[in-house]
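Coordinates in review
Spelled out from the first residue to the last, the chains are:
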Amino acid sequence: MNQKKLLPPLVCGFGAAVLTTVPGIKNIACCLIVPLAAVLSLYLDHKINRTDLPINAKSAIWFGIITGLFATLFSTFFDLLMTYIVHSNDFVQALPQTEMIIRHYKLNAILDQTMTLLKQMSYDITTYGFSTFYAFGILFSNLVINTIFGLLGGLLGMTFINKRTQI
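Residues numbered from 1 in each chain as written. Predicted model: local features only at pLDDT ≥ 70, side-chain atom pairs only at ≥ 80, totals over all residues. Heavy atoms only, no water.

By size, the foremost hydrophobic cluster in this structure holds 12 residues: Leu 80, Phe 91, Val 92, Leu 95, Leu 111, Met 115, Leu 118, Met 121, Ile 125, Tyr 134, Ala 135 and Ile 138. Looking at this core, the elements with two or more residues in it are α4 (90-104), α5 (108-128) and α6 (132-166). Counting residues per element, this core draws most heavily on α5, which supplies 5 residues. For Ile 138, the residues in contact, after removing those within four places along its chain, are Thr 76, Asp 79 and Leu 80. (Core = buried A, V, L, I, M, F, W, Y, C linked by side-chain atoms within 4.5 Å. Buried < 20%, exposed > 50% of the residue type's maximum accessible area, 1.4 Å probe, protein only. Helix = DSSP H or I, 4+ residues; strand = E, 2+ residues; numbered from the N terminus. Contact = heavy atoms within 4.5 Å.)

Before going further, it helps to spend a moment on the side chain of Asp 124. With respect to the helices and strands, Asp 124 occurs in helix α5. Summary of buried charges: Asp 124 has no salt-bridge partner, and the nearest side chain of opposite charge, Lys 119, is 14 Å away. Apart from residues lying up to four places away in sequence, Asp 124 is in contact with Gly 129, Phe 130 and Ser 131. (Lys, Arg positive; Asp, Glu negative; His and termini not counted. Salt bridge = Lys/Arg side-chain N within 4 Å of Asp/Glu carboxyl O.)

Here it is, written out as structure tokens:
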């Protein structure tokens, strides 16, 4: 694999991951920042290679998925690092409200098992700064969400860049 092909997704994925650690921006990271990072990744690749050829769908999908993967790896690392440092995170903060909402649905048997697991995760985070189950959960959810939105951003970027090069 050509290093020039991996550099734009790496840089843009890292940038997206850094932005996802900012508390206010974190909420829109999946649906706005990751697709924009994939668009920027395609644009940077297009400028680095100095080509006027239109971008094909295969390339756009590849750039979107790779940008989403890099964003996932870096954002998960940053999230776990911040959790380790401060021994708290959004999950720990929201657990009491989550418990109230789940209790509202009166799922007694499932509720007890779920709350035991969630409270154990919260205890591990507040005590040790790390929970293995939380780490796998956040990695998996970031992986699914960021790759899907990265793929969509890659296709959006292909459309945008191809229209610009035709003019």
